[in-house]
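Structural description and commentary
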Amino acid sequence: MTLIFVLMGTFLLIAVALIRRWQQIRFARHVHTLHHRYRPVLARLLSGARSAGGIEALRELPLADLELLFDPLFSQRKLTERQLVFLEALCADLGLIALWQSRSAAGHTATPLYSGDGTPGNHPGGAAGRYLLRAKSIRNLGKLRHRPSWPLLVNAVDDRHPDIQLLALRSLGAMGAPESFPFLRERLHAVVQRESTSPPLAGLQAAMVSFDLSCAPALLPSLRHPDRHLRLHAMEILRTMVGREAARQPRLILIQELLSPPVVDLLLTVLAVDLSAEVRARVADVIVFVADARATSVLHDLLIDRQWFVRLHTVRALSQWRQTTKPQHLEVGDCLHDPHWRVRETAIQTLISFGQKGRDHLYKHFLTSPDHNTRAQIVEVIERTGLMSVLVEEYSTGTKGVEALMVEYLASDTAPMGISGVLRTLEPESRKRFLDRFLPYAEATMRFPEETHTEMGSSLSLQQILEFPPHLAA
Amino acid sequence: MTYLRAILYDAVIGFNLVVLSYFFLGNGIYTILMLLSLRATWMHMREMTYQGLDAMRLSPMTPPVTIIIPAWNEQDVIVNSVRSALQVDYPDLQVIAVDDGSTDMTLDRLVKSFGLVEMDGAYHPTISTGSIRTYYINPAIPNLLVVSKVRGGKPDALNAGINLCRSPYFCNLDADCLLERDALLRLMDPIVNSDRETVVSGGIVRILNGCETKNSRVTKVGLPRTWLERFQVVEYLRSFLLGRTGWHLVGGTLIVSGALAVFHRATVIEAGGFSPDTVTEDMDLIVQLHQWAADNNRRIHMSFTSDPVCWTECPSTLARLANQRRRWQLGLCQTLWKHYEILFRRKYGIVGCVSFPFHAYVEGLGAVVEFLGYFLIPLGILFGMVSPGLLLVFILLGFIYGGFLSVGAVLLEELNYRRYPRLRDLMTLLVFAVFENVGYRQLVLYFRFQGVLKFLAGSRRWEKVAHIGAIAEG
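Scope of this entry: the structure provided in the associated data block. (Residues numbered from 1 in each chain as written. Chains lettered and ligands numbered in written order. Predicted model: local features only at pLDDT ≥ 70, side-chain atom pairs only at ≥ 80, totals over all residues.)

With 51 residues of chain A in contact, the opposing surface of chain B contributes 39 residues. Those elements that place two or more of their residues in the side of chain A that touches chain B are helix H1 (2–46), helix H6 (126–144), helix H8 (162–175), helix H10 (201–208), helix H12 (228–248), helix H21 (372–384) and helix H24 (416–425) of chain A. With 13 residues, the top contributor of residues to the side of chain A that touches chain B is H1 of chain A. Counted by class, the side of chain A that touches chain B contains 22 nonpolar, 18 polar and 11 charged residues. (Contact = placed C-beta atoms within 7 Å. Helix = DSSP H or I, 4+ residues; strand = E, 2+ residues; numbered from the N terminus. Nonpolar A, V, L, I, M, F, W, Y, C, P; charged D, E, K, R; others polar.)

Glancing now at the environment of Leu-362 of chain A. Residues and elements named next belong to chain A. Take Leu-362: it is sitting in helix H20 (residues 356–368). Residue classification places Leu-362 among the buried positions, given that 27 C-beta atoms sit within 10 Å. Counting along the chain gives 21 residues from Leu-362 to Trp-341, while the straight-line C-alpha distance between them is 16 Å. Contacts of Leu-362, omitting those with residues within four sequence positions, involve Ile-348, Leu-351, Ile-352 and Ile-378. (Buried ≥ 20, exposed ≤ 12 C-beta atoms within 10 Å, placed from the backbone.)

Quick look at the packing of helix H7 (residues 227–249) of chain B against helix H12 (residues 388–416) of chain B now. Residue and element names in this part refer to chain B. Contact geometry of H7 with H12 gives a least axis separation of 8 Å together with a crossing angle of 75 degrees. As the angle between them shows, H7 and H12 are arranged roughly perpendicular. Where H7 approaches H12, its residues Val-234, Leu-237, Arg-238, Leu-241 and Leu-242 are matched on the opposing element by Leu-405, Ser-406, Gly-408, Ala-409, Val-410, Leu-412 and Glu-413. Split by residue class, the contact of H7 with H12 holds 8 nonpolar, 2 polar and 2 charged. (Axes fitted to C-alpha atoms, helices over the stretch in contact; angles between N-to-C directions. Parallel < 35°, antiparallel > 145°, perpendicular 65-115°, else oblique.)

Soluble globular proteins: nonpolar side chains tend toward being buried together. Within the largest apolar cluster, 242 residues are counted, with the highest numbers of intra-cluster contacts made by Ile-287 of chain A together with Ile-69 and Cys-310 of chain B. Setting aside anything within four residues of it in sequence, one finds Cys-310 of chain B in contact with Leu-173, Cys-177, Leu-178, Leu-179, Glu-180, Ala-183, Gly-203, Val-205, Ala-259 and Leu-260 of chain B. (Core = buried A, V, L, I, M, F, W, Y, C linked by C-beta atoms within 7 Å.)

Turning next to unusual backbone geometry. The omega angle of the peptide bond from Ser-198 of chain A to Pro-199 of chain A is 0 degrees, so this bond is cis rather than trans. Structurally, Pro-199 of chain A can be placed in the loop between helix H9 (181–192) and H10. Positive phi, close to 80 degrees, is recorded for Ser-260 of chain A, a residue that is not glycine. Relative to the helices and strands, Ser-260 of chain A is located in the loop between helix H13 (256–259) and helix H14 (261–269). A count of 17 C-beta atoms within 10 Å places Ser-260 of chain A in the partly exposed class. Although it is not a glycine, Phe-344 of chain B sits at a positive phi angle of roughly 55 degrees.

Take a look at the structure:
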């Protein structure tokens, strides 16, 4: 009997697989026909061309087919701002936005529209199928950034299904309606303080960081909260918002008004000395953008924090320093002596990002430091960032100064691999020029190892480098 | 004589009971896993229709990842493998290829293909490894680092990669694999969108034989030509779609393929990194992580998703298949033996009470039980202790039930992924699924039995599987 049951089960599975394939083929044909006929019309309308006939043709389609036609626009393609405007107008005109709103509001009672076999009308998935339609509706409203729909999406954040919650959060993030931010903050409080287990914290954070920086003052209650976990999450959200803004505006310097004075005060006076090192670590990422006289001293304190990862975050954040007030390279230079190698490595990268002044400081440290490990790290970063190629090319063109001395040290002692690797990639002419200049130096090194740097090499002596001559410090 | 006969009788009856328990336990649990997997993969694929990957791709919260590719004598495949890793669609990606002292042209081909130059690196090992000989970079490809180290085995190469990586997560990728463009985003999805501390995320390995490739990417999916490879396609589907998905759902993940998995770097370092004690370092690390987490009261989560795909070449000859399966079985036995203290300990939860014992009995000891069964049961018939009719029914049931599970795996593939677009391929897969248990299963069983014997003999030798060049041709 068992044998027969298993045999029947096997045949049943085979039948299901084949029927499913057949259904899919039919469905794919239907979608293909639809796209073949209407995609040119849709493309024309999205390009902004007026086409009353095109809209009429689309109006004649059942809503289910319209959704099928529009679905790739929401799930795959990246649309330009201009296309989004036309798409929103078109969806509103065709009644799709109203449909998606009603589905988002109605929850699981929304009317099913489409069947898997290509026939509009009945959805075979029952409740599960309706949930799928609801999920897609919420996604579409978010993609369109349809701001009037934010209250519906805030409600959907409390849906019983975690996927709907996540999608609603994403859509709210994409819309960025400032009115919805305080609702999200309240949910953040509930989740972090374990008053509620939903929505998912990761989704909540990802949504909140998508909002405009002007929403940051709404985070004040979280940043001031006695719960350190809440302060940490709020700080993480704030620094990511600032990071996004900085990526968008390369010259971003936050004046107090943009971030609001209470937030700036809180950052500089309370959060920078927070008991939680995790919170302190994230403060520097915001402070580097704050145009406030107190910022420099706060950053200085963070650079000598007792926790290595606070120092690491701070020194990394300083690579974003865009203010013309006191330059930070000397403080970052101190981090080259840090006991933790990650801090030293980041300090090297930050100094390089400071431009000529930072690089000069780095070269000076390299040429004078007895610490072999830090020197090896400097060499590694110089090679990985491609700075070695620049140094070698400049040397071959006859530049003098600290860079020339650096190349001679690297080539003769610390980084023979890197130098020879770069030489191999140089043009023959440049390579020849390099060797013409370097070989006499190398020959002299072998004969008079003590005197070489002053006699034959670059025009600067080691003593001059130690004193950091004015023309380099300028 | 009567006394001897009685002992023999008892032994054969006892063994038959062991075989019966093996049969019912193995098939019973796999049936449950199949039902769970059917639902879970169905849900997951439906989620992907509305969630997409854009949110992760664009989110500033998506953490950086480093792909580590250990390679030893992989001259035919390494370039395409590294190229496929570099082509992966991920916002912040580094690739580190670790040449583990190859004696062939592996390193030369990497250097030539990617225009690498030697550099002077600084090594800060947090896990002790063999020393690094040379570092290679190309400043024009800043996210690629190639290192050459002294031969220390795959775990040592992976540990060296972990030491070199700076990102919070790393993905290990076998040198004979091609990654799909969105595989990393899909792998990171359960990590980023989960509120649990997800430290491992595994993906699926599919068979490349029979597929067409271009520019290190699979362009057309098809079935391989030979029966041996086709049986392996079915076997992989069953193993990944049914077994691993199912175990993940019940929280009993014991194996995540080392060919494609993402790990949380700090956790792996805390757990001691990859161990050279076994020849299947991937499984060993997973069990080690479970043990470490339970011993240190850490609540960690491991995820398995079946849509991040990497393509690999499967053995096309019996000799290569034998090498591979012997090694897998040897590694399984070594890992189970190394961590035997987990067995039936409540402290280790589902892993200690269900998953580990199941793997020990059905996958480890099962190779011996099933292999000996093919000889001892006929002996029982010979001595008149077992009814031939009953035996025939039992064997038929075994074959058909095995076919039922394999067809179930093909159905899972068809319902959710449909990677084999041609109807003829689906029919072929179904036919091979039905007949997989007649002949092929016994063949693999023989190799697994040899693996157990190697374990008992104390072997630790890595049997390398040569490639036919399916990746190299791309």
